[in-house]
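What follows is the residue order along each chain.
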Amino acid sequence: MPTIEWYTAPRVFSIVENAVESLEYLSMCGEVLRQGKHVGVDLERVTRLTPDMIPLLIALVCDKNYRGMGRIHGNMPKAEEPKALFASSGFLKFVRTSMKNREGVDPEHCQLVNDRNLRFGEQAEGAVAKGVCVRIANQTFMRENLPVEFELYPIIMEVILNTKNHASPDESIKWWLYTHNDTKTGDTSCTILDLGSGIFESRVGKVKNFSDRIFRLFSQTPSHMEIAQAILDGTIVSAKEQDQDLRGKGLQQILNISQSRYISKAVLYSNDIKIDLKGKEKELLQTNLRGTFYHFEITNRV
């Protein structure tokens with residue numbers, strides 16, 4: 001039997017509520033995995049788990065660059081609330097476990113979508129975005145369609161297409177989209193992520209044009225914090241050159257729609273930067289997140 005090195009997860013295991021400790025923990029596990037070792041992800045002491053962690057954990061488990069030649073083992077939280085969330089989330093469908101452990105999956109209120117089986121470009125991705133909007137309309141707003149003034153569809157499409165166009169210069173990067181409906185409040189969280197190069201390190205290959213424009217803007221190589229501020233100021237409107245003269249496109253569009261009264265939280269994590277899209281504030285992270293991670297919390301309690 002192989003020796004498993006167990007590492008205890010933070011009690012608050014969450015990107016949106018405890019990014020520093022959670023990212024440090026995931027980074028440490030990845031380093032050990034890439035040494036070819038067996039790593040135990042110990043969740044037993046977790047007392048607070050948020051839905052945004054689910055798609056990130058699934059993406060990492062499925063990512064060969066993260067796990068290397070190592071093997072991942074794990075357990076479930078003991079506390080009832082995080083245990084119920086973990087069991088219902090669908091995460092256990094991506095790992096080896098007993099059928100009994102999978103009985104708690106709740107596909108009605110927890111849904112994960114990625115682009116593994118999408119072969120028809122923006123048409124299929126548009127269908128995914130529309131499906132998410134209908135799901136949120138039904139579960140959070142208790143109606144067939146979202147309120148007319150709530151433009152959620154453009155946010156979802158923009159984030160998905162940014163993943164395709166800018167996530168990596170070398171390979172196709174999968175995006176992951178996860179929605180979780182809180183049956184107590186009716187609120188729905190929507191997390192969209194990829195494990196590509198990240199917004200602030202898109203400097204070569206297919207994504208080089210974005211960085212070149214940033215370089216011209218600052219007349220020198222800017223820091224990640226300077227790029228983040230330029231995004232918040234609206235100086236960088238879109239990651240696409242042809243969209244720079246169209247207000248409401250790309251990054252600016254995401255910022256604008258995030259101000260909706262129906263969005264209670266909107267955050268972006270990429271590389272070593274966190275941007276509060278709702279409060280329009282930036283923060284330098286101590287631990288790097290490889291890729292791009294958007295999280296929105298949608299409510300009808302306004």
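Each residue is numbered by its place in its chain's sequence as written, counting from 1. Residues qualify for local features only when their pLDDT is at least 70, as the model is predicted, and side-chain atom pairs are given and counted only at 80 or more; totals for whole chains, interfaces and linings, by contrast, use all residues. Based on all heavy atoms of the structure, the side-chain values leave hydrogens and waters out of the count.

### Digging into the overall build of the protein
Filter applied, for reference: Helix and strand definitions follow DSSP, with helices as H or I runs of at least four residues and strands as E runs of at least two, each counted in order from the N terminus. Think of it in three bands: with a 1.4 Å probe and only protein chains considered, a residue is buried below 20% of the maximum accessible area for its type, exposed above 50%, and partly exposed in between. Throughout, a residue-residue contact means that at least one pair of heavy atoms, one from each residue, lies within 4.5 Å. Only the protein chains shown count as cover for residues, with accessible areas throughout obtained via the Shrake-Rupley method and a probe of 1.4 Å.
When helices and strands are tallied, the protein shows nine helices and ten strands. Across the 302 residues that make up the protein, the buried fraction comes to 53%. Considering only contacts within the protein whose residues lie at least 6 apart along the sequence, 66% involve residues at least 24 apart. Of the roughly 14,800 Å² of accessible surface on the protein, 48% is carried by carbon and sulfur atoms.

### Let's talk about the packing of aromatic side chains
Any aromatic ring pair is given by two values, namely how distant the centres are and how the planes are angled relative to each other. For clarity, the threshold we go by: Two rings from Phe, Tyr or Trp (for Trp, the six-membered ring) form a pair when their centres are within 6.5 Å of each other. A pair whose planes differ by under 30 degrees is stacked, one over 60 is edge-to-face, and the rest are tilted.
Counting across every chain of the model gives seven aromatic pairs. Relative to F150, the ring of F141 lies with its centre 6.2 Å away and its plane at 45°, an arrangement referred to as tilted. Residue F141 is classed as buried on the basis of its relative accessible area of 7%. Judged by its relative accessible area of 4%, F150 falls in the buried class. Between Y269 and F293, the ring centres sit 5.8 Å apart and the planes meet at 80°, which makes this aromatic pair edge-to-face. In this pair, Y269 is assigned in strand β9 (residues 263–276) and F293 in strand β10 (residues 281–298), connecting sequence segments 24 residues apart.

### Let's talk about the confidence of the model for the protein
Note the threshold: Known as pLDDT, the predictor's confidence for each residue is given on a scale from 0 to 100.
Taken over all residues, the pLDDT of the protein has a mean of 85, while the share at 70 or more is 80%. Confidence drops under a pLDDT of 50 for residues 239–248, and excluding neighbours within four residues, the segment shows 24 contacts in the predicted structure.

### Description of helix α1 (residues 15–33)
The condition is simple: In this scheme, a helix's expected span is set at 1.5 Å multiplied by one less than its residue total. At every residue, the bend is computed as the angle between two fitted axes, covering the seven residues ending there and the seven beginning there respectively. Whenever a nitrogen or oxygen atom comes within 3.5 Å of another N or O atom, the pair is scored as a polar contact, on the condition that within protein one atom can donate a hydrogen and the other can accept it, and that pairs from neighbouring residues in sequence are kept only if both atoms are in side chains.
Spanning 19 residues, α1 covers only 21 Å between terminal C-alpha atoms, well under the ideal 27 Å at 1.5 Å per step. Its maximal kink placed at E21, α1 deviates by approximately 55°. Here α1 has its buried residues at I15, V16, N18, A19, S22, L23, Y25, L26, C29, G30, V32 and L33. You can read the cap of α1 off the contacts: a side-chain oxygen lies 3.3 Å from the backbone nitrogen of V16, and it is on S14.

### A word on empty space enclosed by the protein
Rules: Cavities and pockets are found on a 1 Å grid laid over the protein atoms alone: a cavity is a set of points where a 1.4 Å probe fits but cannot escape, a pocket is an open set with protein on both sides within 12 Å along at least five of seven lines, and a lining residue has an atom within 4 Å of such a point. Grid points are joined across faces, edges and corners, and a volume is the space filled by probe spheres set on the points. Put simply, Ala, Val, Leu, Ile, Met, Phe, Trp, Tyr, Cys and Pro go in the nonpolar bin, Asp, Glu, Lys and Arg in the charged bin, and everything else, Gly too, in the polar bin.
One pass over the structure, following the stated rule, counts two cavities of 30 Å³ or more. For the second largest cavity, the calculated volume is near 30 Å³. Surrounding the second largest cavity, I231, L251, I254, L255, L268, L277 and Y294 form its lining. Of the residues that constitute the lining of the second largest cavity, the class distribution is seven nonpolar, no polar and no charged.

### Brief notes about the environment of V16
When you line up the elements, V16 lands in helix α1. Judged by its relative accessible area of 12%, V16 is buried. C-alpha of V16 to C-alpha of T50: the two residues are 34 residues apart in sequence and 8.0 Å apart in space. V16 has contacts with T50, D52, K265, V267, Y269, H295 and E297, leaving out every residue within four places of it along the chain.

### Some points on the sheet that holds strand β1 (residues 4–8)
Operational definition: The pairing criterion for strands is at least two bridges between them, as found by DSSP. To get an axis, a line is fitted to the C-alpha atoms, and for a helix only the part in contact is used. The angle between two axes follows their N-to-C directions and goes from 0 to 180 degrees.
Strands sit in the order β1-β3-β5 across an open sheet of three strands; the sheet is parallel. Each edge of the open sheet is held by one strand with a lone partner, namely β1 and β5 (71–74). Within this sheet the neighbouring strands show an average axis-to-axis angle of 30°, counted without direction. In this sheet, β5 lies alongside strand β3 (residues 38–42) in parallel orientation, the contact comprising four bridges. Pairing of G40 across the sheet is with H73, part of β5.

### A short note on the nonpolar core
Stated precisely, the cut-off is as follows: What we call a nonpolar core is a set of buried Ala, Val, Leu, Ile, Met, Phe, Trp, Tyr and Cys residues that are connected through their side-chain atoms within 4.5 Å.
With 43 residues, the main nonpolar core has I156, L177, L277 and Y294 as its most contacted residues. Counting residues per element, the ones that place at least two in this core are α5 (122–140), α6 (152–166), β7 (175–181), β8 (188–194), α8 (224–233), α9 (250–257), β9 and β10. A per-element tally of this core places α6 first, with seven residues. Not counting residues up to four positions away in its chain, the partners in contact with L277 are I254, L255, S258, Q259, A266, V267, L268, Y294 and F296.

### With respect to unusual backbone geometry
Located in the positive-phi region is N271, a residue other than glycine, with phi close to 55°. Within the element layout of this structure, N271 appears in strand β9. Using a relative accessible area of 0% as the deciding quantity, one classes N271 as buried. Not every positive phi belongs to a glycine, and K280 is a case in point at roughly 55°. Within the secondary structure, K280 sits in the loop between β9 and β10. The exposure class assigned to K280 is partly exposed, which follows from its relative accessible area of 40%.

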